[in-house]
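# Working through the structure, step by step
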Amino acid sequence: MIYFVKGVLDAVGENQVVIENHGIGYRIMVPLSVMSALPQTGGEIKLYTYMNVREDAIQLYGFLAKDELQMFKLLINVSGIGPKGALGILSVMDADMLRFAIMADDAKTIAKAPGIGAKTAGKVILELKDRIDFDPVAEDEPDQGVAPASPNTGVAANEAVQALAALGYTGAEAAKAVKKVCTEPDMTVEDILKASLRIL
């Protein structure tokens with residue numbers, strides 16, 4: 001398995017890039033979040049990858065962050081969703097927004113992805129709700145001076161998202177607001193709600 005590919009961006013196509021590494025060009029399928037963050041051709045890039053093996057093809061899917069790769073792996077295990085569908089979902093929302101949408105039972109937001117209907121979005125929520133964590137996968141090099149979130153923050157943020165959804169906000173709206181205000185490790189649900197409502 002190829003865990004990541006690091007090299008020079010050689011070419012960019014529709015939902016795919018080619019990275020040259022030691023004379024080998026790796027064609028990697030990517031979501032729009034990657035396409036919008038690419039360096040100029042000739043620049044260095046590193047993508048965390050998943051290799052999908054079929055009878056007629058071997059394909060690489062790449063992501064800028066480990067968290068997105070983890071969510072991709074969870075999505076392709078949902079019945080009715082293949083790599084293409086999972087890539088489509090992660091093209092219209094990042095991993096955090098998807099996580100919050102699942103926790104808030106917001107199938108409408110997930111169904112905005114191309115090729116994903118309301119029924120399939122419901123399956124995503126049903127099959128993944130008990131399998132995801134609020135806190136994203138830690139990066140290899142966390143920002144200096146930023147304290148890591150405690151488990152309590154994740155639980156409180158989850159409850160805050162659900163409370164905002166109950167008030168009529170979509171999972172995506174709640175996700176964005178909660179993500180912005182969760183800066184302290186000991187914030188309570190009430191603290192997060194008050195701060196989020198000021199943003200909303």
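Summary of the structure given here. Here the residue numbering is sequential within each chain, running from 1 through the sequence in written order. Per-residue local features are limited, in this predicted model, to residues with pLDDT of at least 70; the limit for side-chain atom pairs, both in listing and counting, is 80 or more; totals at the level of whole chains, interfaces and linings are taken over all residues. Where side-chain values are given, they derive from all heavy atoms of the structure, hydrogens and water being excluded.

### Some thoughts on the pattern of salt bridges
Oppositely charged side chains may form a pair once their charged atoms are brought near each other. Here, a salt bridge means any Lys or Arg side-chain nitrogen found within 4 Å of an Asp or Glu carboxyl oxygen. Counted according to the given criterion, the structure contains 5 salt bridges. Linking D96 and R99 is a salt bridge whose minimum nitrogen-to-oxygen distance equals 2.7 Å. In this pair, D96 and R99 are both assigned in helix α4 (residues 95-103), 3 residues apart and thus about one turn of the helix distant. Any residue under 20% of the maximum accessible area for its type is buried, any over 50% is exposed, and the rest in between are partly exposed; the area is computed with a 1.4 Å probe on protein chains only. Relative accessible area serves as the criterion here: at 15%, D96 is assigned to the buried category. Here E190 makes a salt bridge to K194, at a shortest N to O gap of 3.1 Å. Of this pair, E190 and K194 both sit in helix α9 (residues 189-199), 4 residues apart, which is roughly one turn of that helix. Numbering goes from the N terminus for both helices and strands, where a helix is a DSSP run of H or I of at least four residues and a strand is a run of E of at least two.

### A short note on unusual backbone geometry
Only a minority of non-glycine residues have a phi that is not negative, and only a minority of peptide bonds are not trans. Phi is positive for N15, close to 60°, though the residue is something other than glycine. One can find N15 in the loop between β1 (4-13) and β2 (16-21). Judged by its relative accessible area of 29%, N15 is partly exposed.

### Re helix α2 (residues 66-75)
Of all 10 residues in α2, 8 are buried, a share of seventy percent or more. Here α2 has its buried residues at K66, D67, E68, L69, M71, F72, L74 and L75. Note on contacts: a residue pair qualifies if any of its non-hydrogen atoms lie within 4.5 Å across the two residues. Looking at the buried side of α2, the elements it contacts are α1 (32-35), β4 (44-53), β5 (58-63), α3 (83-92), α4 and α6 (118-128).

### As for the packing of α2 against α3
Lines are fitted to the C-alpha atoms to define the axes, a helix being fitted only along its stretch in contact, and any angle between axes, read from their N-to-C directions, falls within 0 to 180 degrees. Where α2 contacts α3, the axes come no closer than 9 Å and their chain directions differ by 135°. As summarised for this structure, α2 and α3 are arranged oblique, according to the angle between their axes. Crossing hand, α2 versus α3: right-handed. Taking contact as the criterion, the partners of E68, M71, F72 and L75 in α2 are, on α3, P83, A86, L87, I89 and L90. Note that Gly is not counted as nonpolar here; it falls among the polar residues with everything else outside the nonpolar set of Ala, Val, Leu, Ile, Met, Phe, Trp, Tyr, Cys and Pro and the charged set of Asp, Glu, Lys and Arg. Considered class by class, the residues forming the contact of α2 with α3 number 8 nonpolar, no polar and 1 charged. To sort the angles, those under 35 degrees are grouped as roughly parallel, those over 145 as roughly antiparallel, those from 65 to 115 as roughly perpendicular, and the leftovers as oblique. Note on convention: near helix rotated counterclockwise from far helix by under a right angle means a left-handed crossing. Clockwise means right-handed.

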